[in-house]
Amino acid sequence: DTSVIAVLSPDATTVTAVLEGGYNARYLAGGYLVFMRAGGLFAVPFDLETLEATPPAVSVQPRVRTDSVWALAQYDVSSDGTLVYVSGGDAAWSVPTWVDVETKEEEPLPVPAGVYNNFDLSPDGTQLAIQNASGAEDQVWIYDSRRGTFTRLTLDGANIYPVWSHDGREVFFASSRDGEGFRLYRKPVDGSGPASRLLTDEAEATMETSLPLPTTVTPDGQSLLVMTWAHPTRGGDVWEVPLDGSADPRAVLATTVNEIIPQVSPDGQWLAYISDSTGDYHVKVRPYPEVERREWVVSENEGFDPRWSPDGDELLYRRGWGSFVSVPVVQQGVFEPGVGRELFEIDAHDSAGPSFAVSPDGERVLVN
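What you see is a predicted model, and the numbers here were worked out from it, not measured in a lab.

A. Spatial organisation of the pattern of salt bridges. Overall, the coordinates contain 17 salt bridges when judged by the stated rule. Notably, a salt bridge pairs Arg319 with Glu342, separated by 2.9 Å at the nearest N-O pair. With a gap of 23 residues between them, Arg319 in strand S31 (residues 314–319) and Glu342 in strand S35 (residues 341–345) connect regions that are remote in the sequence. By relative accessible area, Arg319 is classed as partly exposed at 27%. Given a relative accessible area of 43%, Glu342 falls into the partly exposed group. Through salt bridges with shared partners, a single network forms among Asp178, Arg197, Asp201 and Glu204.

B. Structural view of the sheet that holds strand S27 (residues 270–275). Pairing is antiparallel in the open sheet, where 4 strands are placed in the order S26-S27-S28-S29. Of all strands in the sheet, those with a lone pairing partner are strand S26 (259–264) and strand S29 (296–297), marking the two edges. Pairing analysis gives 2 bridges linking strand S28 (residues 282–287) to S29, with the strands arranged antiparallel. Counted as the bridge partner of Val285 is Trp296 from S29.

C. Here's a closer look at the environment of Ser9. Relative to the helices and strands, Ser9 is located in the loop between strand S1 (4–8) and strand S2 (15–20). Separated by 2.6 Å, the side chains of Ser9 and Asp11 make a polar contact.

D. Expanded view of the packing of aromatic side chains. Evaluation of the coordinates by the stated rule reveals 11 aromatic pairs. Summarising the aromatic geometry, the rings of Phe35 and Phe42 are spaced 6.2 Å apart at their centres and angled 25° between planes, so their arrangement reads as stacked. By the ring-pair criterion, three or more aromatic residues cluster together here, those being Tyr116, Trp141 and Phe150. If you follow Arg26 out to its NZ or CZ, it ends over the ring of Tyr75, 4.7 Å from the centre. The ring of Trp98 carries Arg364 above its face, with NZ or CZ at 4.2 Å from the centroid.

E. Seen up close, the sheet that holds strand S19 (residues 170–175). Taking strand neighbours across the sheet as the criterion, the 4 strands line up as S18-S19-S20-S21 in an open arrangement whose pairing is antiparallel. The open sheet has two edge strands with one neighbour each: strand S18 (159–164) and strand S21 (196–197). Bridge count between S18 and S19: 4 bridges; the pairing is antiparallel. Among the inter-strand pairings, Trp164 is bridged to a residue of S19, identified as Val171.

Reading the values: rules and limits
Residues numbered from 1 in each chain as written. Predicted model: local features only at pLDDT ≥ 70, side-chain atom pairs only at ≥ 80, totals over all residues. Heavy atoms only, no water. Salt bridge = Lys/Arg side-chain N within 4 Å of Asp/Glu carboxyl O. Helix = DSSP H or I, 4+ residues; strand = E, 2+ residues; numbered from the N terminus. Buried < 20%, exposed > 50% of the residue type's maximum accessible area, 1.4 Å probe, protein only. Pairing = 2+ DSSP bridges. Polar contact = N/O pair within 3.5 Å; in protein donor to acceptor, adjacent residues only side chain to side chain. Phe/Tyr/Trp six-rings, centres within 6.5 Å; stacked < 30°, edge-to-face > 60°. Lys NZ or Arg CZ within 6 Å of the ring centre and 35° of its normal.

What follows is the structure in structure tokens.
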């Protein structure tokens, strides 16, 4: 709903903004634009010659099946003005939910339904840092299960991809508050200090991206692993950022294919990630930090969002939209992927980052 509807000229040289606050627009021959806003379909008079809309828009159909994160809407309009649509709500709205691995019982968190995306569970499992896009811009919120509170951590700009520090005192995230793409930040959870930049401009520039996204902290607490997007020749890469500022970021995986969503095993010996080197995304593992020694393919079919079990003997991942799989990968100290087993299936949301978390005891999985 914070998007701008615009018109692209036929020669693809000019973009003209025509309406703020909507998405997924269609032009009607009678001189109207229909578009999605607030989960419903609206219409506004539109002059095709001057490219001007004349608000206010009026409601056409209050409930149309949509996904406001990806700007999808299940409707269309024929040339004679006949509307066809699927009735429903916003599929992007959800409530993070615990699922018991053995009993498959579900327990939603006591938080308001919202447009939630990437999240990370604190090391002791008592707090959740989650990206909340229910407002005008994405923000990081903290759910504390001990106190039953749900509070906002970030305030300025858009803030995404929260990751806990090793000691559970800070959250790392990417923020647009500087106005020039996203930058890496850290902030104490207890409010003892403001958010601060993790890297200098010069150090951050070595990653050659305006979209560095935190994914996990190494088990020794010394480094933050970051995936970067939008490199013109490499796409998505994996970088290691020293948290004490002792060195510039180091490229861990930077090839001509996408390698994203890195997760280091609890003992620090193995790096799980997903790669599209074969066309589809598969979960893969390499030795860490010597990633060039070997590569294993863990997922039998397409796989996303790898997460290690607490003891590091199994690797969990998401297959498709909501089927969660566990694969034994370490037998007697040796890395050797076994046969995967389906844990459960749930109506989970697609995500471009870590979309689930494993409880410290390994008995439950938190999904969104």
